[in-house]
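The lines below spell out each chain.
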Amino acid sequence: MASVSFEGVWKVFNTFVAIPNLDLNIKDGEFIVFVGPSGCGKTTTLRMLAGLETPTYGSIRIDDEDVTLTPPGRRDIAMVFQSYALYPHMSVRSNLSFGPEVRKESRSDLNNRVEKVANLVGLHGLLDRKPAELSGGQRQRVALGRALIREPRIFLLDEPLSNLDAGLRTHMRAEIADLQRRLGVTTVYVTHDQVEAMTMGHRIAVFDRGRILQVDTPAQLYRNPANKFVGTFIGSPGMNILPAELARDGALGRIKCLGSVFSVPAERFFTSTDLPSRVELGIRPDDLHWTKDAPSRCREHIFGTVRATETTGSETFVLVDVDGVEVNARFPSFADIRIGQKADLVFDPNDLHFFEPESGNTLRTEPARILEQQGV
Amino acid sequence: MVELANDPVAKTLGALVAENGARLDKPRFSPSSLLLLFPAAALLIGLFIYPVGYSVYLGFTNLQLIGPNSIHFRFTGLQNVYFLLSDHVFYRSIWLTLVFVVGSGAVGTTILGLVIALALQSALTSVRMVVTSLAIVAWTLPPAAIAIIWYAATTQGGIFPVLFGYPHADVLYDHAMLVVSLANTWSLAGLATIIFSAALRNVPQEMLEAAKLEDANAYQRLTRLVLPILKPTILTSALLMTLLSFGNFTLIYLMTQGGPGGDSNILPVYSYLQGFTFKKLGYAALLGDVIVLISGVLGIAYVWLAQARRRAPKSNSV
């Protein structure tokens, strides 16, 4: 169990700056997820923590001990690789016992430890098989077991589920989260899949182009994205981003968007009084309701024509053309709506997000609803 | 509606064949393929099978290079074989051949090639390119050039005796077998280096990183992970080097002619000496037959190993 801190960490590959000046604190016992698109630096950050890459500048501390230049084997860290990286010529048993053997740990209870870990990850009865004789999910369990048998201070998992099929992925997602809860070991989990991030992490760090854009709990990330990238990356389907005009009218902010004009209380809504006139408005498909199926707090009406529908079974996403702009809205499952029909949509201005068009940073204060839920 | 009675999976394979006739996905034979195979078959028979068969026959005759028996030779039955079995030079030659092909070919070349390949693995790109090129040059040099280089370097006043402070020693004369073995290893190590370099690139990097995280040191990673994964390559390479050394007649003949006192008299050299120095072509052909037998066995082993390796599951897919 350990806390981790990155202080001013840089990583430069030849002339390419992969990580510019990263600061991050990971709490003891926390399950933190690094999420972001390919090439955003999340795996590089993980590999620096593992010691497989040396930072160009900065320092990495584990429990206040500077490990920036400590070799990987001396950090007491276990890692699960995307490719599992099993030893292909060894049986499952030897794969599990390899670490304790090379570290010259006592052999007397090694067999018991192997059995215990095998039971924990569900590999009982497969100990004498070679990795080639196992299924993808079983190999994944061997990789997990190899990390568990070390009883490390920190677990690192690098996209461990990306080679599994959809059903198994959902199953393993729950299993890994459960295992972490039971063991309470500080865990860093890298993924490009925002669903994995949202379902598993205590906190999520969203990466883009080598920078951390926001570190927060899943609920906060979803309800209060710090910028446009986080808003569109988290949530599926993504947040609708629309051009809007903003004008100050006394205590109100007047917004012109989607062929409609509405106003919001400016003081409660915006952090700054100096607001740009052109902003980008964000609204999640879940917050754009069909009139026939809307909560009473939704006061603002817009109208449009249905362009496309997508049914997942539990819900239907409908692409509606509102005044020449297409927005995605969530309808109840198998809603009686057809392409070309008129659709009435309503929303609550409290659910809107406003982004500065150039930097993409949010202009909003924390939505009141979240504060209420947290009892502030 | 799906009728379960007509479900093809539920039927036995026999019933399926009875109903639908012969399987379409079996390999089919077309007589015209014989025509296309004919040129290759003619070359194989004319240039390989017939000469080998003829030389087997010659091994049981009293053919000589000059004299009356050079034209009017005749079949002498097992006479050559009896002579072979009582020929002490032959037994010594077999032993020397084994020492040469196993010591220099299989063991020496494999170890030298593996060491160079491992050293080059983490070397600078420029160093790697220079050393690899040099190793390839050593391998592509004609045997005559290799023989001259090593002859010049190991006889009296050569670079090795001078380097070690005995300028008048003739290392080639004193340790003939050792020197020709070294020359052979030196010339083949480049090929082994290339084979091992390619195999080392296929060792999964993430697996080695996983071992680093387990605190396995470089020696443990080499002996417990890299070498076991390279084992099939090491076996194949060792066998290939054995075959190549077996055929390396030129090198020894040019450096020592099998001497001094028969110290480096491996089978191909002995066969040549019997045929062209002692003019006993029939006996030389019988020695040649023994060579064909031995290399045939080695060749089959090589093919078998190569196939076993192909059947083995790929290590980097795990």
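Residues numbered from 1 in each chain as written. Chains lettered and ligands numbered in written order. Predicted model: local features only at pLDDT ≥ 70, side-chain atom pairs only at ≥ 80, totals over all residues. Heavy atoms only, no water.

Structural notes on the UniProt feature "domain: ABC transmembrane type-1" (unreviewed entry) in chain B
According to UniProt, the "domain: ABC transmembrane type-1" (unreviewed entry) feature falls on residues 95–302 of chain B. The span residues 95–302 of chain B shows a helical share of 81% and a strand share of 0%, and its end C-alpha atoms are spaced 22 Å apart. (UniProt positions renumbered as here; feature names shortened; annotations may be inferred. Helix = DSSP H or I, 4+ residues; strand = E, 2+ residues; numbered from the N terminus.)

Re the layout of surface pockets
All names here are of chain B. The volume enclosed by the second largest pocket comes to roughly 590 Å³. If you trace the second largest pocket, you find 21 residues lining it, with Leu118, Gln121, Ser122, Leu200 and Gln205 closest to the centre. Only α4 (88–121), α5 (125–140), α9 (176–201), α10 (205–213) and α11 (218–246) provide two or more residues apiece to the lining of the second largest pocket. At five residues, the largest contribution of residues to the lining of the second largest pocket is made by α9. For the lining of the second largest pocket, the class distribution of residues is 10 nonpolar, six polar and five charged. (1 Å grid on protein atoms, 1.4 Å probe; cavity = no way out; pocket = protein on both sides within 12 Å on 5 of 7 lines; lining within 4 Å. Points joined across faces, edges and corners; volume = space filled by probe spheres on them. Nonpolar A, V, L, I, M, F, W, Y, C, P; charged D, E, K, R; others polar.)

Structural notes on the sheet that holds strand β11 (residues 240–249) of chain A
Residue and element names in this part refer to chain A. The strand order across the open sheet built from five strands is β13-β12-β11-β14-β20, with neighbouring strands paired in antiparallel fashion. The two strands at the open ends of the sheet, each matched to only one other strand, are β13 (260–265) and β20 (353–355). Each adjacent strand pair in this sheet contributes to an overall mean axis angle of 40°, direction not counted. For β11 and strand β14 (residues 278–283), the ladder comprises six bridges, and the chain directions are antiparallel. (Pairing = 2+ DSSP bridges. Axes fitted to C-alpha atoms, helices over the stretch in contact; angles between N-to-C directions.)

A few points about the interface of chain A and chain B
Listed as interface residues are 28 residues of chain A and, on the opposing side, 19 residues of chain B. Of the roughly 2200 Å² buried between chain A and chain B, counting both surfaces, carbon and sulfur atoms make up 59%. Its largest share of buried area at the contact with chain B, chain A owes to Pro88(A), His89(A) and Val102(A), together 22% of the area lost on that side. Inspection of the region where chain A meets chain B yields four salt bridges. Residue Arg103(A) pairs with Glu214(B) through a salt bridge whose shortest N-O separation is 3.0 Å. At the level of elements, α1 (42–50), β6 (77–80), α2 (92–102) and α4 (136–148) of chain A are the ones that each hand at least two residues to the side of chain A that touches chain B. When residues in the side of chain A that touches chain B are grouped by element, the largest group, four residues, is from α2(A). (Contact = heavy atoms within 4.5 Å. Buried area = accessible area lost by both parts, 1.4 Å probe. Salt bridge = Lys/Arg side-chain N within 4 Å of Asp/Glu carboxyl O.)

What to know about the nonpolar core
Ranked by size, the top nonpolar core spans 54 residues in total, and within it Phe6(A), Phe34(A), Leu49(A), Leu156(A) and Val188(A) carry the most contacts. For this core, the element with the most residues is α9(B), which contributes six residues. With residues up to four places along the chain from it excluded, the contact list for Phe34(A) reads Leu24(A), Ile26(A), Lys42(A), Thr45(A), Leu46(A), Val188(A), Tyr189(A), Val190(A), Thr191(A), Ala205(A) and Phe207(A). Formed by 42 residues, the second largest nonpolar core is a distinct cluster that contains Val92(A), Ala143(A), Tyr189(A) and Val230(A). (Core = buried A, V, L, I, M, F, W, Y, C linked by side-chain atoms within 4.5 Å. Buried < 20%, exposed > 50% of the residue type's maximum accessible area, 1.4 Å probe, protein only.)

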